[in-house]
Amino acid sequence: MSAERVLVTGSAGFIGGYVVEELLRRGYEVAGVDNLSKYGLVHKSYDDDPRYTLVVGDAADGALLTELAVDCDHLIAGAAMIGGISYFHTFAYDLLASNERIIAATCDAAITAHREAKLRKVTYLSSSMVYESATSWPSAEGQQLEVPPPVSSYGFQKLAVEYFARAAHQQYDLPFTIVRPFNCVGTGEMRALTDVEVMSGNVKLAMSHVVPDLIQKIVKGQDPLHILGDGNQVRHYTYAGDLARGIVDAMEHPDALNDDFNLSTARSTTVSELAENLYHRLRGDEPFRIVSDPPFVHDVQMRVPSIEKARAVLGFEATTTLDEMLDEVVPWVVDAVAAGLI
């Protein structure tokens, strides 16, 4: 019996690379599709694995996705324009328009592949940003339908992804699972090719997430360290390897069918706590000083999930500690800065 085959859209992206690695580790064949618009061609450890095929193409190309999906048992829908908070701010329209085209094409292809071939389910990558307008925490699954819609176009479009998933199931019986990763931390996130100049103090933001941005500022000698907002924003920094495991668990688990799950660490960390940890790792006992830059409008103060459902249904827990994550990520980012990648 041949191995099951999984189509991963956005396979060359930040989380996508970890998902491909996890799928290969579990014995799947993987077809990845990515237009390489974010980082260009980046060499991965599994490039030469005969079970992995990368198709360079646009995830908004419905015909291409259909051609690939009809040969697959599962589809993980991860392709999207995505970045950190400055990215949301700078590409507000492009995020909405591009990601709508991608999800519509993905669902069209999946509906056909499910009806006419062997595709069993789509696992959709949503986001903690669907809870952007929450006023009470922790955010449990279902709260996204009870609070006002997200204010950012990115969060709003991720909520739309969930509506696509449920609508395709309602009308076409296309099985789904929705996962919402929280604050992903890992290696592989570089300065995007699309970056425009956004300054933070004397250093250009990498338009990525907070960890690589803070590390590059510290490495480049910024003192005091500029952070967006007052530093009291609460986040749940979760290791990308743990998130990939949770995504594949959700794809596989029979009880995840037509349901949604938050995927996150249990630990809350403020941005200033993260910044201080990174500062002392890189600058030793030098005094830690910060200055607050005006925050972007979409810089949510609290992003705290309930993780009970994923634990109870999937048996999933994100076990990597913040220090363990940073042990891996900090040297990688430092090298990337030195190589001019960030």
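Please refer to the structure higher up on the page.
As a starting point, this report considers the structure included with it. The written sequence of each chain sets the order in which its residues are numbered from 1. This being a predicted model, a pLDDT of at least 70 is required before a residue's local features are given, and a value of 80 or more before pairs of side-chain atoms are given or counted; all residues contribute to the totals for chains, interfaces and linings. Hydrogen atoms and water are omitted, and side-chain values are computed over all heavy atoms in the structure.

### Observations regarding the packing of helix α2 (residues 62-69) against helix α4 (residues 92-116)
Part 1: In this analysis an axis means a line fitted to C-alpha atoms, helices contributing only their contacting stretch, and an angle means the value between N-to-C directions, from 0 to 180 degrees. Labels follow the DSSP assignment, with helices taken as runs of H or I lasting at least four residues and strands as runs of E lasting at least two, numbered in each case from the N terminus. Closest axis-to-axis distance for the α2/α4 pair is 8 Å, and the angle between their directions is 35°. Judged by the twist between their axes, the crossing of α2 over α4 is right-handed. Every residue of α4 that contacts α2 at Gly-62, Leu-65, Thr-66 and Ala-69 is listed here: Ala-105, Thr-106, Ala-109, Thr-112 and Ala-113.
Part 2: Of the residues belonging to the contact of α2 with α4, the class tally is five nonpolar, four polar and no charged. By convention the crossing between two helices is left-handed if the near helix lies anticlockwise of the far one by an angle smaller than a right angle, and right-handed if it lies clockwise. Here, residues are in contact when the closest pair of their heavy atoms is within 4.5 Å. In this classification, Asp, Glu, Lys and Arg are treated as charged, Ala, Val, Leu, Ile, Met, Phe, Trp, Tyr, Cys and Pro as nonpolar, and every other residue, Gly included, as polar.

### A short note on the nonpolar core
Part 1: Grouped together as the largest cluster of nonpolar side chains are 53 residues, with contacts concentrated most on Leu-23, Ile-76, Ile-247, Leu-274 and Leu-278.
Part 2: Setting aside residues up to four positions removed in sequence, Ile-76 forms contacts with Val-6, Leu-7, Val-8, Thr-9, Val-19, Leu-23, Thr-123, Leu-125, Ile-247 and Met-251.
Part 3: The term nonpolar core refers to a set of buried residues drawn from Ala, Val, Leu, Ile, Met, Phe, Trp, Tyr and Cys, joined through side-chain atoms within 4.5 Å. Only protein chains enter the accessibility calculation, which uses a 1.4 Å probe; a residue whose area is less than 20% of its type maximum is buried, one above 50% is exposed, and one in between is partly exposed. Counting residues in hydrophobic clusters, the runner-up holds 26 residues, among them Leu-7, Ala-31, Leu-64 and Ala-69.

### Considering the layout of surface pockets
Unoccupied space between atoms shows up once a probe the size of one water molecule is rolled over them.
Part 1: The definitions used throughout rest on a 1 Å grid laid over the protein atoms alone, on which a cavity is an enclosed set of points accommodating a 1.4 Å probe that cannot get out and a pocket is an open set flanked by protein within 12 Å on both sides along at least five of seven lines; lining residues are those having an atom within 4 Å of a point. Grid points are joined across faces, edges and corners, and a volume is the space filled by probe spheres set on the points. Here the second largest pocket defines a volume of roughly 250 Å³.
Part 2: Breaking the lining of the second largest pocket down by element, the ones donating at least two residues are α1 (14-25) and α10 (322-338).
Part 3: Considering each element in turn, the lining of the second largest pocket owes the most residues, four residues, to α1.
Part 4: Of the residues that constitute the lining of the second largest pocket, the class distribution is six nonpolar, six polar and three charged.

### Side note on the side chain of Ser-128
Part 1: One can find Ser-128 in the loop between β5 (121-125) and α5 (153-172).
Part 2: In this view, Ser-128 contacts Arg-180, Pro-181, Phe-182 and Arg-303; residues no more than four positions away in its chain are not counted.

### What about the side chain of Ser-306?
Part 1: Looking at the element boundaries, Ser-306 is found in the loop between β15 (290-293) and α9 (308-314).
Part 2: Classification of Ser-306 as buried rests on a relative accessible area of 13%.
Part 3: Excluding residues within four positions of it along the chain, Ser-306 makes contact with Pro-138, Ser-139, Ala-140, Glu-141 and Asn-262.

### Describing the packing of aromatic side chains
Part 1: Pairing of aromatic rings covers Phe, Tyr and Trp, the last through its six-membered ring, and needs centres within 6.5 Å; plane angles under 30 degrees mean stacked, over 60 mean edge-to-face, and all others mean tilted. A complete count under the given rule lists four aromatic pairs for this structure.
Part 2: Aromatic pair Tyr-18 and Tyr-239: ring centres 5.9 Å apart, planes at 80°, arrangement edge-to-face. Linking Tyr-18 in helix α1 with Tyr-239 in strand β12 (residues 238-239), this pair joins segments that are 221 residues apart in sequence.
Part 3: Note on Tyr-18: relative accessible area 10%, which makes it buried.
Part 4: Above the plane of the ring of Phe-261 lies Lys-309, whose end atom (NZ or CZ) is 5.2 Å from the centre. Cation placement over rings: the criterion is NZ of Lys or CZ of Arg within 6 Å of the ring centroid and within 35° of the ring normal.

### Some remarks on unusual backbone geometry
Part 1: Residue Trp-137 is joined to Pro-138 through a cis peptide bond whose omega torsion reads 0°.
Part 2: Structurally, Pro-138 can be placed in the loop between β5 and α5.
Part 3: The omega angle of the peptide bond from Asp-223 to Pro-224 is 0°, so this bond is cis rather than trans.
Part 4: Examined against the element boundaries, Pro-224 turns out to sit in the loop between α6 (210-219) and β10 (225-228).
Part 5: A positive phi angle is found at Asn-183, which is not glycine, with a value near 40°.
Part 6: Mapped onto the elements of the fold, Asn-183 is located in the loop between β6 (176-181) and β7 (184-185).
Part 7: Phi angles above zero are rare outside glycine, and Asn-258 is one such case at about 55°.

### Overview of the packing of α6 against α10
Part 1: Look at α6 against α10: their axes get within 10 Å of each other, and the N-to-C directions meet at 55°. Taken as axis vectors, α6 and α10 run oblique relative to one another. You can see that α6 and α10 cross each other, and the crossing is right-handed. Here Val-211, Pro-212, Ile-215, Gln-216 and Val-219 of α6 come into contact with α10, specifically with Leu-326, Val-329, Val-330, Val-333, Val-334 and Val-337.
Part 2: Its residues assigned to classes, the contact of α6 with α10 comprises ten nonpolar, one polar and no charged. Working rule for angles: under 35 degrees goes down as roughly parallel, over 145 as roughly antiparallel, 65 to 115 as roughly perpendicular, anything else as oblique.

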